[in-house]
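# Geometric and topological summary
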Amino acid sequence: MDRPAAMTLPIDADLARIRQAVRGFAQEAGLAGERLQNLVLAVNEAVTNVLDHGAGTGSVHLWRTDHGVRVQIVDPAGRLLPADLDRSPPWPPTHGMGLWVIRQVCDEVRLDHPEGHSRLELFMACPPVAAPAADAPPRDTRPPTPRHLLRLHRHAPDPDDSPEDGPERSRFQDAAGQP
């Protein structure tokens, strides 16, 4: 049986159905593990934004490429702006982090407004699977450190910090320790 090269889903309140369909499509396209979960998370966040802040309806379009999976989330309300994608999450984090999370976990995020609709396009690459050479030494089987892993760190006060920063301020950092 041939795998579908594309799929379209209507946006409605049945987020579990959408997540399940995205997961199945992306698995068939070659995504697995954390990259698969990150794509499902990103689509869930985008669809939730359409439901909570947009028209409450729209569509999700998925298609396979030679290098991965592309997903477009279309919101007829057209309220999503490029500045929304660049906004940092609130501190302390409570809500309003969906677009920031999407930017962290996807390989590409684009936004345009065809015919007045917001069209958010996400891309997640499928890593190529190379067969080891017959005379190659055994590979390390540990999974690689995720590129977009976020950790919440508390650090000791810096003498140059202002008093309003507090003695134990928290900051988001990526896996490399960068804010």
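Rules behind the numbers
Residues numbered from 1 in each chain as written. Predicted model: local features only at pLDDT ≥ 70, side-chain atom pairs only at ≥ 80, totals over all residues. Heavy atoms only, no water. 1 Å grid on protein atoms, 1.4 Å probe; cavity = no way out; pocket = protein on both sides within 12 Å on 5 of 7 lines; lining within 4 Å. Points joined across faces, edges and corners; volume = space filled by probe spheres on them. Helix = DSSP H or I, 4+ residues; strand = E, 2+ residues; numbered from the N terminus. Nonpolar A, V, L, I, M, F, W, Y, C, P; charged D, E, K, R; others polar. pLDDT = per-residue confidence, 0-100. Contact = heavy atoms within 4.5 Å. Buried < 20%, exposed > 50% of the residue type's maximum accessible area, 1.4 Å probe, protein only. Polar contact = N/O pair within 3.5 Å; in protein donor to acceptor, adjacent residues only side chain to side chain. Axes fitted to C-alpha atoms, helices over the stretch in contact; angles between N-to-C directions. Parallel < 35°, antiparallel > 145°, perpendicular 65-115°, else oblique. Left-handed = near helix turned anticlockwise from the far one by under 90°.

Okay, the layout of surface pockets next. Its volume calculated, the largest pocket comes out at about 520 Å³. Every residue lining the largest pocket is counted, 27 residues in all, and those nearest its centre are N49, H53, L80, D84 and L99. Elements with a minimum of two residues in the lining of the largest pocket: α2 (33-53), β3 (68-75), α4 (98-105) and β5 (118-125). Considering each element in turn, the lining of the largest pocket owes the most residues, seven residues, to α2. Taken together, the residues of the lining of the largest pocket break down into 11 nonpolar, eight polar and eight charged.

Taken over all residues, the pLDDT of the chain has a mean of 79, while the share at 70 or more is 69%. Mean pLDDT across the elements of the chain ranges from a minimum in strand β6 (residues 150-154), with 38, to a maximum in β3, with 98. Predicted confidence is poor over residues 139-179, with pLDDT under 50, and the contacts of this stretch with residues over four places away or in other chains come to 49 contacts.

Mapped onto the fold, R70 is located in strand β3. Of the residues examined, R70 reaches a relative accessible area of 15% and is grouped as buried. One polar contact links R70 to E108, side chain to side chain, over a distance of 3.1 Å.

Look at α2 against α4: their axes get within 9 Å of each other, and the N-to-C directions meet at 155°. Taken as axis vectors, α2 and α4 run roughly antiparallel relative to one another. When you trace α2 past α4, the crossing you get is left-handed. Facing α2, whose interface residues are N38, L41, A42, E45, A46 and N49, α4 presents G98, L99, V101, I102 and V105. Here the residues of the contact of α2 with α4 sort into seven nonpolar, three polar and one charged.

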